[in-house]
Amino acid sequence: MREPLWRSKREAFFYLLPAAVVLVLQVAAMIYEGSPDRAIGYIDGLVAIAMIGLLVVRKWYPVALMLTTLVVSSAYLLLEWHAQGDWKPDFAATDPWMPASAPIYVYTAMVYAGALVGPALVLALFGLVVRPWDTSTELILGTVLLVLLPALIGLYVRAHRTLVQALTDRAERAEREQHLLAEQARADERVRLAEEMHDVVTHRVSLMVLHAGALAVTGPDERTKTAAEGLRVAGCEALNELRELVGVLRNETSEHQPRETVDEPTEVPDLSTLVSESESVGVPVELVRDGNPARISAAVSRTAYRVVQESLTNIRKHAPGAPTKVHVRYSGDRVRLTVRNATATQSVDSGLSSSGSGSGLTGLRQRVELVGGTLTSGPLPSGGFEVDAVLPAYVPTPESV
């Protein structure tokens, strides 16, 4: 779509002002000189008025109108050389032979015709008008004033517009980048909330469901058993609703990963707490720790805690009663966690096993990779399951700086 010539009355005034000034000067010159006495005088006046009229669309056709100016100037030169009698122009030897509107076309070409085309057309006009084969000091000064000076002004205006446009683009790009950073921060926060909800809330609710299920079987009376079963069913429904909410918060279409944040607690509960919780619901867990955990950074300790927590939660859901071994090895530069369980010794609660979000191990792997570790998981030939995580011993965080 073609750019409009002007967008406001103010722009229209300054755009048409040069054409009006040149028209007034041309008419004043024609009145001062009187009626022409030869045909070339009438033709010259008509050409000059026509070129002034075309100034209105100079912004749309800068190259074409500059070429037309070159053609008219060349025609003046050819007539001066070859015409005789009434067709020979009456030009002074010291005058630049070009239309009165040529300075404006020169300015327009420098601004709108391009960085190469505009200067090339202006140089061609300068060489034609200055007539180096028959020039003079007055002619050179007049050509510099009427051709090179408008060209320099046009060059300055073009450079200024380019600079303003570049600064505007940079500001808009910075604003877009700021918006994208804000969107990314919100998405990261949603993922972090989803991971925390999955790790903490699901863990606690699954414990409640297992306790309620055990009470529903071993309760002292029918009323207690009924209430316990109701609690178990309500807990399973809560886990299902939580799974849907976690799916929304995780925003699976994004590539953002959860990030460690400084608002997490520095103190990490001991792994023995997780072991006792699992044993309280019938999952025997053996905890073996080798090495000294004193030099392990807080971020790594939290990640290790989440690995064990998620693994034991999955065992309680999908392999209730399975003997489990948690082996933690602290070495000089890394921590290795192995959680291995045998086959289930109790019947699986279908309501509990189907209540997960399906993204526990995926989120756990992302959390481990975030601190520079690796996590592998899979079934064992004996029928159990194993989760193996290797973490660096120290990861600097803002709280340690």
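What counts and what doesn't
Residues numbered from 1 in each chain as written. Predicted model: local features only at pLDDT ≥ 70, side-chain atom pairs only at ≥ 80, totals over all residues. Heavy atoms only, no water. Core = buried A, V, L, I, M, F, W, Y, C linked by side-chain atoms within 4.5 Å. Buried < 20%, exposed > 50% of the residue type's maximum accessible area, 1.4 Å probe, protein only. Helix = DSSP H or I, 4+ residues; strand = E, 2+ residues; numbered from the N terminus. Contact = heavy atoms within 4.5 Å. Phe/Tyr/Trp six-rings, centres within 6.5 Å; stacked < 30°, edge-to-face > 60°. Lys NZ or Arg CZ within 6 Å of the ring centre and 35° of its normal. Axes fitted to C-alpha atoms, helices over the stretch in contact; angles between N-to-C directions. Parallel < 35°, antiparallel > 145°, perpendicular 65-115°, else oblique. Left-handed = near helix turned anticlockwise from the far one by under 90°. Nonpolar A, V, L, I, M, F, W, Y, C, P; charged D, E, K, R; others polar. 1 Å grid on protein atoms, 1.4 Å probe; cavity = no way out; pocket = protein on both sides within 12 Å on 5 of 7 lines; lining within 4 Å. Points joined across faces, edges and corners; volume = space filled by probe spheres on them. Expected span 1.5 Å × (residues − 1). Bend = angle between axes of the 7 residues up to and from the residue. Pairing = 2+ DSSP bridges.

Student: An account of the nonpolar core is needed here, citing residue identities and associated values.
Tutor: Grouped burial of nonpolar side chains is what soluble globular proteins tend to show. Counting 30 residues, the largest nonpolar core has V307, L337 and L391 as the members making the most contacts within it. Mapped by element, the contributors of at least two residues to this core are α8 (271–280), α9 (298–318), β2 (324–330), β3 (334–341), α11 (360–370) and β5 (385–392). With near-sequence residues (within four places) excluded, L391 lies in contact with V300, T303, A304, D333, R334, V335, L337, V368, V371 and G373.

Student: Give a detailed account of the packing of aromatic side chains, specifying residues and quantitative values.
Tutor: The tally for this structure, following the rule as stated, stands at two aromatic pairs. Centroid distance W6 to Y15: 5.8 Å. Interplanar angle 55°. Geometry classified as tilted. On the basis of relative accessibility, which here comes to 9%, the residue Y15 falls in the buried class. Ring plane angle 80° and centroid distance 5.2 Å describe the contact between F13 and F14, whose orientation is recorded as edge-to-face. Between the NZ or CZ atom of R58 and the centre of the ring of Y15, over which it lies, the distance is 4.1 Å. The ring of W97 is capped by R131, whose NZ or CZ atom sits 3.7 Å from the centre of that ring.

Student: Explain the packing of helix α3 (residues 62–82) against helix α5 (residues 117–130) to me, using residue names and the numbers behind them.
Tutor: Interaxial distance between α3 and α5 falls to 10 Å at its minimum, and their mutual angle equals 10°. When the axes of α3 and α5 are compared, the pair comes out roughly parallel. Our pair here, α3 against α5, has a crossing hand that is left-handed. Where α3 approaches α5, its residues V63, M66, L67, T69, L70, S73, S74 and L77 are matched on the opposing element by V117, L121, V122, A124, L125, L128 and V129. Split into classes, the residues belonging to the contact of α3 with α5 amount to twelve nonpolar, three polar and no charged.

Student: Go over the layout of surface pockets, please, and point to the residues and values.
Tutor: In this structure, the second largest pocket encloses a volume near 410 Å³. Lining the second largest pocket are 16 residues, and of these E11, Y15, K59, Y112 and R161 lie nearest its centre. Elements supplying a minimum of two residues to the lining of the second largest pocket: α1 (9–33) and α4 (102–112). The residue makeup of the lining of the second largest pocket, split by class, is eight nonpolar, one polar and seven charged.

Student: Give a detailed account of α1, specifying residues and quantitative values.
Tutor: In a regular helix each residue adds 1.5 Å, so 25 residues correspond to 36 Å; α1 covers 35 Å between its end C-alpha atoms and thus fits that length. A bend of about 35° at L17 is the largest found in α1, and the proline P18 appears one to four places after it. Considered for burial, the residues of α1 that qualify are A12, Y15, A19, V22 and Q26. Those residues of α1 hidden inside the fold are in contact with α2 (39–53) and α4. In the segment just after α1, G34 is the residue with positive phi, at about 85°.

Student: Go over the sheet that holds strand β1 (residues 285–290) with me, naming the residues and quoting the values.
Tutor: Ordered by their spatial adjacency, five strands build an open sheet running β1-β2-β3-β5-β4, and the pairing between neighbours is mixed. Two strands close off the open sheet at either side, each with one partner strand: β1 and β4 (374–379). Averaged over neighbouring strand pairs, the angle between their axes works out to 10° when direction is ignored. Where β3 meets β5, eight bridges bridge the pair, whose relative direction is antiparallel. Bridge pairing links T338 to D388 in β5. This element, α11, spans β4 and β5 of the sheet and lies at about 155° to β4.

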